[in-house]
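# Architecture and fold: a report
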Amino acid sequence: MAPPTNSSNRPRAPRRDAVRNDAIVLRAAREVFAEQGPQASMESIAARAGLGVGTIYRRFAGKEALLDAIARVFVEEMDQAAATALADPDPCAGLERFLEFIGAFNAEKRRYAGALTERVAGDEVSERTVRRLHQLTRKAVDAGALAADVTGDDIEALIVAIRAVVAVSPDGDDTRWRRFVRVHLAGLRTNR
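First things first, this report covers the structure right here in the doc. On a predicted model such as this, the values are computed, not experimentally measured, just so you know. (Residues numbered from 1 in each chain as written. Predicted model: local features only at pLDDT ≥ 70, side-chain atom pairs only at ≥ 80, totals over all residues. Heavy atoms only, no water.)

## Notes on the overall build of the chain
Tallying secondary structure elements over the chain gives nine helices and zero strands in all. When the helices and strands of the chain are read in sequence order from the N terminus, they spell out α-α-α-α-α-α-α-α-α. The burial tally for the chain puts 39% of its 192 residues in the buried class. Intrachain contacts of the chain at a sequence separation of at least 6 include 69% that bridge at least 24 residues. As displayed, the chain offers around 10900 Å² of accessible surface, 53% of which is attributable to carbon and sulfur atoms. (Helix = DSSP H or I, 4+ residues; strand = E, 2+ residues; numbered from the N terminus. Buried < 20%, exposed > 50% of the residue type's maximum accessible area, 1.4 Å probe, protein only. Contact = heavy atoms within 4.5 Å. Areas by Shrake-Rupley, 256 points an atom, 1.4 Å probe, with all protein chains shown as cover.)

Below you can see the structure in the form of structure tokens.
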């Protein structure tokens, strides 16, 4: 006969309403931070979510924990975009789409992108994303779409520069970073 199991030792799965509330809170926090930056109040986030502040504090110890959770979503979204780009049979189109994602992503989060980026440096998912980016760059070079001496480090530098262009652009003006990406990609292409 098997010994009785102690149910208190097993981690409980979160309740469905808690999972739903987490999603609501994260969506509301992303919207509020996009409008007000990381200094936005938990009360503003709770009001946007349609929940009480206490409900948020039961799941997130404070604003820092909420930013940490958003940062985890941030790296997962970035990694998924890199995986999709890498799977594209046309590596140049995949790279362009990934850089487009980077620009739009940073434009949406321009007021708090820096607060998120600092939180994800060196985590496993971010490192996987960088590896995918380097593979994508290598595929584009091998396909003859980029000059032979272009490296993943060059594309990483371009991503950092895109973030900077977004940061200095007026709200809602995507023309600057889009032009920046087009000009730089043209410069990285092979001279045929």
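## Section: the nonpolar core
For soluble globular proteins, nonpolar side chains are generally found buried alongside one another. With 53 residues, the main nonpolar core has I45, L66, F98 and L99 as its most contacted residues. For this core, the secondary-structure elements that each account for two or more residues are α1 (16–36), α2 (42–49), α4 (63–87), α5 (91–108), α6 (113–120), α7 (124–142), α8 (152–168) and α9 (175–188). Top element by residues in this core is α4. It accounts for 12 residues. Not counting the four nearest positions on each side in its chain, L66 is found in contact with V25, L26, A29, M42, I45 and F60. (Core = buried A, V, L, I, M, F, W, Y, C linked by side-chain atoms within 4.5 Å.)

## Considering the pattern of salt bridges
Here the structure, examined in full by the defined rule, presents 14 salt bridges. In this structure, E77 and R30 form a salt bridge, with 2.8 Å as the shortest nitrogen-oxygen distance. Of this pair, E77 sits in helix α4 while R30 sits in helix α1, placing them 47 residues apart in sequence. You can call E77 partly exposed: its relative accessible area is 26%. (Salt bridge = Lys/Arg side-chain N within 4 Å of Asp/Glu carboxyl O.)

## A look at the packing of α4 against α7
Contact pair α4 / α7: the axes reach a minimum separation of 9 Å and the direction vectors enclose 20°. Comparing their axes, α7 and α4 come out roughly parallel. Note that α4 runs across α7; the crossing there is left-handed. Between α4, through V75, E76, M78, D79, A82, A83, A85 and L86, and α7, the contact on the second element is made entirely by V125, S126, R128, T129, R132, Q135, L136 and K139. Among the residues forming the contact of α4 with α7, the class breakdown is eight nonpolar, three polar and five charged. (Axes fitted to C-alpha atoms, helices over the stretch in contact; angles between N-to-C directions. Parallel < 35°, antiparallel > 145°, perpendicular 65-115°, else oblique. Left-handed = near helix turned anticlockwise from the far one by under 90°. Nonpolar A, V, L, I, M, F, W, Y, C, P; charged D, E, K, R; others polar.)

## Observations concerning the environment of L51
Mapped onto the secondary structure, L51 falls in the loop between α2 and α3 (53–59). In sequence terms L51 and I24 are 27 residues apart; their C-alpha atoms lie 8.8 Å from each other. L51 has contacts with N21, I24, V25 and A46, leaving out every residue within four places of it along the chain.

## Comments concerning the packing of α4 against α5
The contact between α4 and α5 brings their axes to 8 Å, and the two run at 160°. On the basis of their axis angle, the class for α4 and α5 is roughly antiparallel. Relative to α5, α4 is oriented so that their crossing is right-handed. When α4 is examined against α5, the residues F74, E77, M78, A81, A82 and A85 are found in contact with a partner set consisting of G94, F98, F101, I102 and F105. Partitioned by chemical class, the residues of the contact of α4 with α5 number nine nonpolar, one polar and one charged.

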